[in-house]
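# What the coordinates show
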Amino acid sequence: MSTVRRVNTESLLVRCVLIVLALGFLFFFLGLPLLAVFAEAFKQGFGPYWHALMEPDALSALGLTLLIALLVLPLNLLFGLAAAWAIAKFEFRGKSLLTTLIDLPFAVSPVVAGLLFILIFGRQGWLGPWLQAHDIKIIFALPGMVIATMFITFPYIARELIPLMQSQGKDEEEAAVSLGASGLQMFWRVSLPNIKWGLLYGVILANARAMGEFGAVSVVSGHIRGETNTLPLHVEILYNEYNTVGAFAAASVLALLALVTLVAKTFVEWRMQKETEMLSAELPPERAPLAAVVQQAASQAGDGKLEAARRSPERIEK
């Protein structure tokens, strides 16, 4: 009788302990702070909460946050697609260097990134005198905030697409080109459908990071109320002024945006899994490996017939 090795050999007690520890960690470090944000926001009732959200500074901060995310999104799409396509589909000098540079924002502190942009575009920076002479304002204005947010968020789409495109290979694109498809037709009809869910997943992550960015934007924004204050910066200012209701009301909006992002991320993961299962179901089943067939026959018939199974494996497969 053949023995089947169980993948999960832990006891029920061990599994329950691990599940409890995981759920407890999620509750204390994610669920409890989220509940505290909404509890403090509605501490004085719905009226003060709504009044704090309808203030001109709060509306300006929310609008600026959404505007920056909207401006950064197409830039992230363009860079992420170009970088992933170059790394996954081509071989060239400097490929490893490009891959390393894509990971640079993960290693550099956002505050340090903001200081670097001040060093470059600030009034006393490398390009400061030239920008001032041509009346171009980047630091303490919208362009600087967009640049800082772009620096922090550009790896997300590329990092999501690179392993996906590498696993898919080049066969379908080469087949499309051999059949006479142009580069644009190959991209829209072959490449893009294959990476659509991974691309959407990367867009969701990058957009969530853009809306919640604090460090780099805080350095280059100047904290000008009604002009360069994003929603995270608005929360900090109100909290430092001991306006807890207004601070937590603005924080609750960020929390709601995070929950919407989480739901969208979960939906994309579910769609990716369903599509993968459908593609796997459409593939023809592979024949069992010959060695496995021989071993199964030997275990069922006894060791005395192992030699006969090796001599005539085609009978076993039938």
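Note that the structure is predicted; figures quoted are calculated from it, not measured. (Residues numbered from 1 in each chain as written. Predicted model: local features only at pLDDT ≥ 70, side-chain atom pairs only at ≥ 80, totals over all residues. Heavy atoms only, no water.)

## Focus on the layout of surface pockets
- Of the volumes computed, that of the second largest pocket is approximately 270 Å³.
- For the second largest pocket, the lining is made up of 13 residues, of which Phe121, Arg123, Ile136, Lys137 and Ile139 are closest to its centre.
- Those elements that place two or more of their residues in the lining of the second largest pocket are α6 (110–121) and α7 (128–133).
- Looking at the lining of the second largest pocket element by element, the count peaks at three residues for α7. (1 Å grid on protein atoms, 1.4 Å probe; cavity = no way out; pocket = protein on both sides within 12 Å on 5 of 7 lines; lining within 4 Å. Points joined across faces, edges and corners; volume = space filled by probe spheres on them. Helix = DSSP H or I, 4+ residues; strand = E, 2+ residues; numbered from the N terminus.)

## A look at the environment of Leu71
- Secondary-structure assignment places Leu71 in helix α3 (residues 56–89).
- Given a relative accessible area of 37%, Leu71 falls into the partly exposed group.
- As for Leu71 and Thr149, which are separated by 78 residues in sequence, their C-alpha atoms are 9.8 Å apart.
- In contact with Leu71, other than residues within four places in its own chain, are Leu142 and Val146. (Buried < 20%, exposed > 50% of the residue type's maximum accessible area, 1.4 Å probe, protein only. Contact = heavy atoms within 4.5 Å.)

## Some remarks on the confidence of the model for the protein chain
- Averaged over all residues, the pLDDT of the protein chain is 84; the fraction at 70 or higher stands at 85%.
- Here helix α17 (residues 313–317) stands out as the least confident element of the protein chain, with mean pLDDT 42; helix α8 (residues 142–153) is the most confident, with 94.
- Note on residues 1–5: pLDDT under 50 across the span, and two contacts to partners over four residues away in sequence or across chains.
- Confidence over residues 286–318 falls short of pLDDT 50; this stretch has 17 contacts with residues more than four positions distant or in other chains. (pLDDT = per-residue confidence, 0-100.)

## Thoughts on a nonpolar patch on the surface
- A cluster of nonpolar side chains, Ile19, Leu23, Phe25, Leu26, Phe27, Phe28, Phe29, Leu30, Leu32 and Leu35, forms an exposed patch at the surface whose accessible area comes to about 1100 Å².
- Looking at the secondary structure, you find Ile19 in helix α1 (residues 12–41).
- Looking at Ile19, the relative accessible area reads 51%, which means it is exposed. (Patch = residues over 30% accessible without salt bridge, like charges linked within 9 Å, V, L, I, M, F, W, Y side chains within 5 Å. Areas by Shrake-Rupley, 256 points an atom, 1.4 Å probe, with all protein chains shown as cover. Salt bridge = Lys/Arg side-chain N within 4 Å of Asp/Glu carboxyl O.)

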